[in-house]
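The lines below spell out each chain.
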Amino acid sequence: MRIFRLLAPALVALGLVTPALPQTAPQPIQLNLGGGPNDRSGAPARTLFQQLQGGVNGVIGSRGTPNGFAGLDANGLVPVAQLPLIGALNATPAGKRAVEQGQADDLTATGVGQIARTLSSIANDTLNVKAFGAIGDGHSHPLSQRFATLAAAQLIYPAATALTDEIDWAAAQLAVNTVCTRASGYVVYPQGTFIQNRTVTVTCDGTKVSGVAEDAVRIVRRGDFGPTFRFAKGTGYLQGVGLRNMWLIDNEGSMTTANSPFHIYAEGITRSNFVDINISEGAGALELAGGDQITVRNFYAYFSRGAPGSRVGVRIGPSSNGALGATPVGISDVWLHHVNIKGGIPTAANDGYHLSFGIQAFASDGLWISDSHVQGTSSANFNLRRSTTAGLGNVYVTNFMSDLCNLHGILIDGTYPIQRVSIDGWVSGGQTTGDANAGGNGVYLTGPGGASDLTLSVGVDGHKLDGIKVDAQNVIGTTIQPKQILALGGAGSVAIDLLSGARYSIAGGLIDGNGMIGLGLRMQGVVDATVTGLGITRTLGNGFQIGDGSSYISMSGGQSSRNTGFGGAISSGTNFVSVTGMLLANNTAGALQNNAAAGAFVLTANNLGM
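Analysis parameters
Residues numbered from 1 in each chain as written. Predicted model: local features only at pLDDT ≥ 70, side-chain atom pairs only at ≥ 80, totals over all residues. Heavy atoms only, no water. Patch = residues over 30% accessible without salt bridge, like charges linked within 9 Å, V, L, I, M, F, W, Y side chains within 5 Å. Areas by Shrake-Rupley, 256 points an atom, 1.4 Å probe, with all protein chains shown as cover. Salt bridge = Lys/Arg side-chain N within 4 Å of Asp/Glu carboxyl O. Helix = DSSP H or I, 4+ residues; strand = E, 2+ residues; numbered from the N terminus. Buried < 20%, exposed > 50% of the residue type's maximum accessible area, 1.4 Å probe, protein only. Polar contact = N/O pair within 3.5 Å; in protein donor to acceptor, adjacent residues only side chain to side chain. Contact = heavy atoms within 4.5 Å. Lys, Arg positive; Asp, Glu negative; His and termini not counted. Pairing = 2+ DSSP bridges. Phe/Tyr/Trp six-rings, centres within 6.5 Å; stacked < 30°, edge-to-face > 60°. Disulfide = S-S within 2.5 Å.

Chemist: Could you give an account of a nonpolar patch on the surface, with specific residues and numbers?
Modeler: Residues Val-527, Tyr-552, Phe-576 and Phe-601 make up a contiguous nonpolar surface patch of about 380 Å² in total accessible area. One can find Phe-576 in strand S35 (residues 575-580). The class for Phe-576 is partly exposed, based on a relative accessible area of 33%.

Laid out in structure tokens, this is it:
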């Protein structure tokens, strides 16, 4: 062989052999994968095999190669032996290579249990935005880079309105619209940073938009153009839609509450979900306006600039414009799990808050919030408020954390009746962080509409005013199970302040004033209240006070000790009061002050310390 190589030039010169022709790789065919415009838009042509390598249908394995195989061969191709993707395939090595190069589409499976499918069939399971011309390199690419006129661009991207529209947006919108030609479908973003200057609008049932992996896909906004993604049919409910594995970014800070109040807007959706979403900056994160059976999970939103104004992290309420009919439609069966809203960090200058409300529910019949956290708002971290058009009830909140807020941790605005609400969690105001402006109440129930069947199992600290305050009309059937209430705003604060209502049950828990709480428990104008096992200690005033207008009050067990005032006080305008079996020891002013009027029915018995 070596001798032949040495003689080869001479043999060629004598014409005895023909020189080998240069080897050229087969040229890829142009594709329209799932309606994609690669053969017309000026985007680089990509073979069907390359489309699959780009993440369509999950072909890429954990190591970034097809099915997780090791690297490519010396020519940058997948080794022939590793080309089979769906089982044992009837194809010669040359045939397999032809398929990879886009010259054939005849890979079919054989064997028991195998299903014959072509690569085209596999690729059509999902729609990759890069198959529609998206670039995703983090740079601006207006349509003018590929098209000389708007009319030419609209032949490929009918939704385009100007040559300044970003190619990444136009490609994504075309992919989403392509789903409308099918019963349903997935639109997939491969890894990358995509620029968007207009809203991607989803209007067809069964449309799911997803990044290839969590934190792998970033959508960067350019302009104040409305929501980043909008899900709404316009007439009737939009079913089975969703957004997943997306990081939505407003680096420019261009979003305003007037034009772009939320990154994601969904109206009248049902059986839908939003999962593994990150939000960085903007006016707000998510609005759910009308619909039912909606899941929001692993949702994180961070805001570090801009005045709070009317900005809201997550808003849940009725349809805002009546698109589902003449009357706005309420929302029901919504589940928020692992939702984290960070509206800022308070400062002494009060300029660290960038949201007015963290989570705000205007109307819902069936709202579950679990394992969630809201921080740094100017008005309230969590706000429940019934609208004029739809009710609010059946709300269950568990393992909820609220901290570093300027006013209220949890605000329940009973302008209209609210019913069947249960909240379990911890509410911290921020005063313990040194913020001189942290104020308001930990939990505040207000308004003329009132509430019924309310359960509060909360701990409170760091608020300037009261821990739990009820100052509303028509409050009936409230259960309070305080974990601990401590570190409030000093002499003027009350740990549990009940200024109206009927049928209260207060059980267990500890109020530890430690020189920072004025009064432990106050009941003023309350009818029918049972207090058992509540511990009150070290307040700056009385441990508890049963005020004027209160009747049918029973306090038993527990303690009220080591307070600067009395262990407890009963005002003159009370009747039918029983204080029994309590520890009322070591209070500076005395154990119990009984100012009930002559003839009032008051029982004090078996109390230690009297």
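Chemist: Describe the side chain of Asn-383, and please don't skip the residues or the numbers.
Modeler: Structurally, Asn-383 is set in strand S16 (residues 377-385). You can call Asn-383 buried: its relative accessible area is 2%. Within polar-contact distance, the side chain of Asn-383 engages the side chain of Gln-360 at 3.0 Å. When near neighbours in sequence (up to four residues on either side) are disregarded, Asn-383 contacts Phe-357, Ile-359, Gln-360, Ala-361, Leu-411 and Asp-413.

Chemist: Outline the side chain of Asp-250, supporting the account with residue identities and numerical values.
Modeler: By the element assignment, Asp-250 lies in the loop between strand S9 (242-249) and strand S10 (264-280). Buried charge without a salt bridge: Asp-250, with Arg-221 as the nearest opposite-charge side chain at an N-O distance of 4.5 Å. A distance of 3.3 Å separates a polar side-chain atom of Asp-250 from the backbone nitrogen of Ser-254. Beyond its immediate chain neighbours, meaning those up to four positions away, Asp-250 contacts Arg-221, Met-255, His-263, Ser-280, Glu-281, Gly-282 and Arg-305.

Chemist: Describe the pairing of strand S7 (residues 229-232), and please don't skip the residues or the numbers.
Modeler: Pairing of strand S4 (residues 200-202) with S7, which is carried by three bridges, proceeds in the parallel orientation. Bridge assignment links Val-200 to a residue of S7, and that residue is Phe-229. Relative to S10, S7 runs parallel, the two sharing four bridges. For Phe-229, the partnering residue across the bridge sits in S10 and is Ile-264.

Chemist: Explain the packing of aromatic side chains to me, using residue names and the numbers behind them.
Modeler: Evaluated as defined, the whole model comprises six aromatic pairs. The interplanar angle of 85 degrees and the centroid separation of 6.2 Å between the aromatic rings of Phe-147 and Tyr-157 together place this pair among those described as edge-to-face. One end of the pair, Phe-147, is in the loop between strand S1 (126-128) and helix H6 (150-156); the other, Tyr-157, is in the loop between H6 and helix H7 (167-179), and 10 residues separate them in sequence. One exposure class covers both Phe-147 and Tyr-157, and it is buried. With a centroid separation of 5.0 Å and an interplanar angle of 5 degrees, the aromatic rings of Phe-576 and Phe-601 are classed as stacked. Of this pair, Phe-576 sits in strand S35 while Phe-601 sits in the loop between strand S36 (590-594) and strand S37 (602-605), and the two are 25 residues apart along the sequence. Through a chain of ring-to-ring contacts, the aromatic side chains of Tyr-552, Phe-576 and Phe-601 assemble into a single cluster.

Chemist: Before we move on, could you go through the pairing of strand S20 (residues 443-447) and cite the residues and values that matter?
Modeler: Among the five residues that make up S20, five are buried, leaving the element largely enclosed by the rest of the structure. Two elements, strand S18 (residues 408-413) and S20, share four bridges in a ladder whose sense is parallel. The residue bridging Leu-411 from the neighbouring strand is Tyr-444, located in S20. By the bridge criterion, five bridges tie S20 to strand S22 (residues 468-472) in an arrangement that is parallel. Bridged to Tyr-444 within S22 is Lys-469.

Chemist: Give me the state of the cysteines: which residues, what numbers.
Modeler: If you walk through the whole model with that rule in mind, you get one disulfide. With a sulfur-sulfur separation of 1.9 Å, Cys-180 is cross-linked through a disulfide to Cys-204. Between Cys-180 and Cys-204, the S-S torsion sits near 105 degrees, and that sign places the bridge as right-handed. Separated by 24 residues along the polypeptide, Cys-180 in the loop between H7 and strand S2 (185-189) and Cys-204 in the loop between S4 and strand S5 (207-211) bring together distant segments of the chain. Relative accessible area serves as the criterion here: at 35%, Cys-180 is assigned to the partly exposed category.

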